[in-house]
Amino acid sequence: MNKRIVIVSGGEIDEAFALSVLKKETGCVIGVDRGMEFLYRHQIMPSYIVGDFDSVDQKVAAYYREETDVPIREFNPVKDSSDTEIAIRLAMTLGCKEMLVLGATGGRIDHLWANIQSLAIPFRAGVDARILDAKNCIRLIGGETVIKKDEAYGPYFSVFPLGSEVYHFNIKGAKYPLTDHTLTPYDSLCVSNEWEEEEVKISFMNGIVILMETRDQAKNF
């Protein structure tokens, strides 16, 4: 199996952008609840379907149940994990090394935050997992990370700690550098930084950091 898995979740989806992602070679596509509707509209057959089906058009659900052989993992709406988290865990059991999550942003902020926190599951297992939409790329980083200007998702990047404070935090090569800073979840200091040099180096001693690369204008993948 290709080591790259795309998860199509039930949030807002920029259809042109999502199609540009899915056109690339993909070993597996996992449809999550209402994300099935996007796949159904564009005649993209998922490899697996997961969810509680509480927000999907039941005609679409019936199509996958009755007219396809797609493996379906249906859950009771009263459960301990979000549908997207279940899909992330499934992707890991399938042996993926790269995970892209579409439809995980927009709409309800509580769902977005749950999805960002769920990235910690693949991160701790050494899997490169990213939430993507037409304007944002969200991932988790640890220790030391170099982000190159010519490979950037957009002209801006922001960093936030996931959980507790991050000590001895440094940013080099950026418009707003930092040295031996304590990154806290209580201020907006590290929002909308920019590249000053061709490479930005982010380093810290402890914890997990959310890295968001962003742009104002939507583009294809």
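Please read these numbers as outputs of a predicted model, since none were measured by experiment.

### Considering the environment of Lys-149
And step 1. Among the secondary structure elements, Lys-149 is positioned in the loop between strand S8 (144-148) and strand S9 (156-161).
And step 2. Residue Lys-149 is classed as partly exposed on the basis of its relative accessible area, which comes to 43%.
And step 3. Considered as a pair, Lys-149 and Glu-197 are 48 residues apart in the sequence and their alpha carbons are 7.7 Å apart.
And step 4. Discounting chain neighbours no more than four positions away, the residues touching Lys-149 are Trp-195, Glu-197 and Glu-198.

### Quick word on the sheet that holds strand S7 (residues 136-141)
And step 1. In space, the ten strands of this open sheet follow the order S4-S3-S2-S1-S5-S6-S7-S14-S9-S12, with mixed pairing throughout. Pairing within the sheet leaves two strands with one partner each, and these edge strands are strand S4 (72-74) and strand S12 (193-194).
And step 2. Relative to strand S2 (residues 28-32), strand S1 (residues 4-8) runs parallel, the two being bridged by four bridges. Counted as the bridge partner of Ile-7 is Ile-30 from S2.
And step 3. Helix H5 (residues 109-118) contacts strand S6 (128-132), S7 and strand S14 (209-214) of the sheet and is inclined by roughly 120° relative to S14.

### Notes on the nonpolar core
One recurring pattern in soluble globular proteins is that nonpolar side chains are buried together.
And step 1. If you look at the biggest cluster of nonpolar residues, it comprises 28 residues, and the most contacted ones within it are Ile-7, Ile-30 and Met-99.
And step 2. Mapped onto this core, the elements with two or more residues apiece are S1, S2, strand S3 (48-51), helix H4 (83-93), strand S5 (98-102), S6, S7 and S14.
And step 3. The biggest single contributor to this core is H4, with five residues.
And step 4. By size, the runner-up hydrophobic cluster in this structure holds 23 residues, among which are Val-8, Val-21, Phe-53 and Leu-100.

### Examining helix H3 (residues 58-67)
And step 1. Every buried residue of H3 is listed here: Val-60, Ala-61 and Tyr-64. All buried residues of H3 project into a common sector of 100° when viewed along the axis, lining one side. Exposed residues pointing more than 90 degrees away from the buried face of H3 are listed as Lys-59, Glu-66 and Glu-67.
And step 2. On its buried face, H3 is in contact with helix H2 (35-41), S3 and S4.
And step 3. For H3, the N-terminal capping position is held by Asp-57, with its side-chain oxygen 2.8 Å away from the main-chain nitrogen of Lys-59.

Cut-offs used in this document
- Residues numbered from 1 in each chain as written.
- Predicted model: local features only at pLDDT ≥ 70, side-chain atom pairs only at ≥ 80, totals over all residues.
- Heavy atoms only, no water.
- Helix = DSSP H or I, 4+ residues; strand = E, 2+ residues; numbered from the N terminus.
- Buried < 20%, exposed > 50% of the residue type's maximum accessible area, 1.4 Å probe, protein only.
- Contact = heavy atoms within 4.5 Å.
- Pairing = 2+ DSSP bridges.
- Axes fitted to C-alpha atoms, helices over the stretch in contact; angles between N-to-C directions.
- Core = buried A, V, L, I, M, F, W, Y, C linked by side-chain atoms within 4.5 Å.
- Arc of directions from axis to C-beta.
- Polar contact = N/O pair within 3.5 Å; in protein donor to acceptor, adjacent residues only side chain to side chain.

Keep in mind these values describe shape, not function.
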